[in-house]
Each structure stands twice: as structure tokens, then as C-alpha cells.
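Notes for the structure review
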Amino acid sequence: MTYNDITPNERTMAGALALVMHLLFFVLLVFGVSWQKKQADPVAIVDLWSTLPPLPQPKVETPPVAEAKPPPEPPQPPPKAEPKPLPKPEPKPVVKPDIALKEKLEKERKQKEQETAEAKKRELEKARELKEKQAKEAEAKRLARDQEEALKKLAQQQAAQAAAQQKLIDEYKGRIREKIKRFIVEPPNLSPGTQVEFDIVVLPGGEILGVKLKRPSGVAAYDNAVERAILKAQPLPLPPDPALFKEFRELNLQFRPEQK
């Protein structure tokens, strides 16, 4: 750097510094001379400079060189969304002993009440089932009793009906025997105890289909007289109920002279 390259401000500063240096050397020189005089006249040696020392050169800061920018990077794909961290479980509050004891007692009370309610519910259920069972048994007994009574009534009705039918059958058999007896012409000199028995086949209208001597009396004239009377008595009287005709299809009749 040459003297012409220095700016006016720098020249002014350099001149001021040179002046200050000269004044400083002058003061030192005066002080040294006065001090030497106080000493035993020492010889003062003074170095004289023929030229001034060079002025300090100010540092010139060079502007920073712009660094070359790197080429733009290619667009990067958007970063993947990271999963959100799960929330940390909140710490359980510290329960004080008295609160914990109250909660324990309350829990035990509720559990006891629940057990009591369940036991009561079971008892009610058992009572209901027992009541239903008793009701079913009573109903079964009532039905059995009603059925037994109905069977008894039916048996009584059937017995009464059978008795009535048998009475009707006996009545009409008696009518048939009486009608036949009206046509019997008994031979003379019949001994007591004479008895003849006939099997008769009857048609639904009362007509006689056949007559068969099953057991003779020993008196042929009496046997023939009874057979003729049977044939003359037709049509025989029959009950009006056709269901009873089976009792008259095949008749077995016995005759004795002393019968009235």
C-alpha cells in the first residue's frame, strides 16, 4: 500500500500520532536531562532519529467472498405421519386411609345387601315353586276325583241302564211265555213236575223261524201241545228298542202245567 492509497482521515491520524510521539520523546528527553543533572553529571547519550518510525498501518478488512451456493436439492417426499403416542395412564390418586376404610365398609355393606336380596329372592322363588307344585297336585287330585266320580256315575248309569234293560227283557220274555201259554191245550192226567224245554229262533218282526225240542217232558202229548201253542202265538211280543233284539233272537223257554 502506498502513501497515496491512504485516505485523508488516515493521514490526519498518522500526523497526530507522529506529533504525539515527538512530544513524548521531547518530554522523555527533558526528564532525562533534568534527572542526569541531579546525578553526578552523567553523560547524557541521546539517540537522535534521522527519520520517524513508520506509522502503524490500519487493518483493512476485505469483504467476505460470497460462497458458491450449492444446487437446490430435489423435493423430498412428505414425511410420514408418526403415530401419536398413547396417553400415559394417569397416576391413581392416593387414597387416604380413612377414605379407603369407608369405601371398604360401604362395599361390604352393599355386598351384604345384595346377598340378602338374592337369598330373599331364592326363598320367594322356592315358595312360588312350592305353591305351584301344591296347586298342580291339588288340581291333579281334583281331576282324579272328578274322573273317579264320573266313572262311578257312568258305572251307575250303565248298571241302571243294564238293570232297566234286563228288567225290560225279563218283562217281554214273560209276555212271550204268557202268550204261548194261552194257546196250550194240556192233555189230562198230567203229573206235577212235568216240564218241557224248547229253543226258539225269532225274527225281528216277532215271527218264529224255528222251534226245537231241547228237553222233552216225557209226555209226548204235552210236548206237542206246547209246540203247537208256540207256533200259534206268533208274532211274539218284542221290546221297541232294536238294540235289545239280540236278547230275543234265540229264546230258551220252559213250560210246566202248574205255571200260572
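Up top is the structure these notes are about.
Summary of the structure given here. All values reported here derive from a predicted model rather than from experimental measurement. (Residues numbered from 1 in each chain as written. Predicted model: local features only at pLDDT ≥ 70, side-chain atom pairs only at ≥ 80, totals over all residues. Heavy atoms only, no water.)

1. Comments concerning the overall build of the protein chain
The condition is simple: By the criteria applied, helices consist of DSSP H or I runs no shorter than four residues and strands consist of E runs no shorter than two, each listed in order from the N terminus. Note on contacts: a residue pair is in contact if any heavy atoms of the two residues lie within 4.5 Å. Here the Shrake-Rupley method, with its probe set to 1.4 Å, supplies the accessible areas, and only the displayed protein chains count as covering residues.
Looking only at helices and strands, the protein chain features three helices and three strands. Listed by position from the N terminus, the elements making up the protein chain come as α-α-β-β-α-β. For the protein chain, the share of sequence-separated contacts (at least 6 apart) that also reach a separation of at least 24 residues comes to 72%. Total accessible area on the protein chain stands at roughly 22,500 Å², and carbon and sulfur atoms take up 60% of it.

2. Observations regarding the nonpolar core
Burial of nonpolar side chains together is a common tendency in soluble globular proteins. The condition that has to hold: Note on terminology: a nonpolar core comprises buried Ala, Val, Leu, Ile, Met, Phe, Trp, Tyr and Cys residues joined through side-chain atoms within 4.5 Å. For every residue, the accessible area (1.4 Å probe, protein chains only) is compared with the maximum for its type, and the residue is labelled buried under 20%, exposed over 50%, or partly exposed between those bounds.
Ile 180 and Phe 255 are the most contacted members of the largest nonpolar core, which totals 24 residues. Residue assignment for this core shows that the elements contributing at least two residues are helix 2 (97-181), strand 1 (196-202), helix 3 (220-232) and strand 3 (250-255). Looking at this core, the element that brings in the most residues is helix 3, giving five residues. Setting aside chain neighbours within four positions, we find Phe 255 in contact with Arg 177, Ile 180, Lys 181, Ile 184, Thr 194, Gln 195, Val 196, Tyr 222, Val 226 and Ile 230.

3. Description of the pattern of salt bridges
How we decide: Salt bridge, as used here: a side-chain nitrogen of Lys or Arg that lies within 4 Å of a carboxyl oxygen of Asp or Glu.
Taken as a whole and judged by the stated rule, the model has ten salt bridges. The salt bridge partner of Glu 139 is Arg 142, with a shortest N-O separation of 2.4 Å. In this pair, Glu 139 and Arg 142 both sit in helix 2, three residues apart, roughly one turn of the helix. Where Arg 215 meets Glu 197, a salt bridge forms, and the shortest distance between an N and an O atom there is 3.8 Å. Taken together, the positions of Arg 215 in strand 2 (residues 208-215) and Glu 197 in strand 1 put the pair 18 residues apart, joining distant regions of the chain. Overall, Glu 197 belongs to the buried group, its relative accessible area being 6%. Through salt bridges with shared partners, one network takes in Glu 106, Arg 109 and Glu 113.

4. A look at the pairing of strand 2
Let me state the cut-off plainly: Only strands joined by at least two bridges in the DSSP assignment are considered to pair.
In the sheet, strand 1 pairs with strand 2 via six bridges, with the strands oriented antiparallel. By the bridge assignment for strand 2, Glu 197 is matched with Arg 215. Between the antiparallel neighbours strand 1 and strand 2 lie five residues, among them Gly 206 with a positive phi of about 100 degrees.

5. Details of the sheet that holds strand 1
Filter applied, for reference: Here the axes come from fitting lines to C-alpha atoms, over the contacting stretch only for helices, and the angles between their N-to-C directions go from 0 to 180 degrees.
One open sheet accounts for three strands, arranged 2-1-3; its pairing is antiparallel. For this open sheet the edge positions go to strand 2 and strand 3, each flanked by a neighbour on one side alone. Strand-to-strand twist in this sheet, taken as the mean axis angle between neighbours without regard to direction, amounts to 25 degrees. Where helix 3 meets the sheet, it contacts strand 1, strand 2 and strand 3, and its direction lies at approximately 25 degrees from that of strand 1.

6. Here's the deal with the side chain of Ser 217
The criterion, for reference: Think of a polar contact as two N or O atoms within 3.5 Å of one another; within protein, one of them needs to be a possible hydrogen donor and the other a possible acceptor, and neighboring residues in sequence only count if both atoms come from side chains.
Here Ser 217 shows up in the loop between strand 2 and helix 3. At 3.2 Å, the side chain of Ser 217 forms a polar contact with the backbone nitrogen of Val 219. A polar contact of 2.6 Å, which involves the side chain of Ser 217, links it to the side chain of Asp 223. If we ignore the near neighbours within four places in the chain, the residues touching Ser 217 are Thr 194, Gln 195, Val 196, Tyr 222 and Asp 223.

7. So, helix 3
Short version of the rule: Helix span, as expected, comes to 1.5 Å for every residue beyond the first. In this context, the arc is that of the directions from the helix axis out to the C-beta atoms.
An ideal rise of 1.5 Å per residue puts 18 Å on 13 residues; helix 3 measures up with 18 Å between its terminal C-alpha atoms. Regarding helix 3, the residues found buried are Tyr 222, Asp 223, Ala 225, Val 226, Ala 229 and Ile 230. For helix 3, the angular spread of the buried residues around the axis is 165 degrees, confining them to a single face. In helix 3, the exposed residues that point more than 90 degrees away from the buried face are Ala 220 and Lys 232.

8. Some points on the packing of aromatic side chains
Rules: What counts as a ring pair is set by centres within 6.5 Å for rings of Phe, Tyr and Trp (its six-membered ring), and what kind of pair is set by the plane angle: stacked under 30 degrees, edge-to-face over 60, tilted for all other angles. Look at NZ for Lys and CZ for Arg. If either is within 6 Å of the ring centre and within 35 degrees of the ring normal, a charge sits over the ring.
Across all of its chains, the model carries zero aromatic pairs by this definition. When the ring centre of Tyr 172 is taken as reference, the NZ or CZ atom of Arg 175 above it lies at 4.5 Å.

9. Quick notes on the pairing of strand 3
Consecutive side chains of a regular strand alternate in pointing toward one face of the sheet and then the other. Burial along strand 3 is one-sided: the face carrying Leu 251, Leu 253 and Phe 255 is buried and the face carrying Glu 250, Asn 252 and Gln 254 is not. Across six bridges, the pairing between strand 1 and strand 3 is antiparallel. Residue pairing across strands places Val 201 opposite Glu 250, the latter belonging to strand 3.

10. A few points about the environment of Ala 229
One can find Ala 229 in helix 3. Separated by 50 residues in the primary sequence, Ala 229 and Lys 179 place their C-alpha atoms 8.7 Å from one another. The contacts of Ala 229, once residues within four sequence positions are left out, are Ile 180, Phe 183 and Ile 184.

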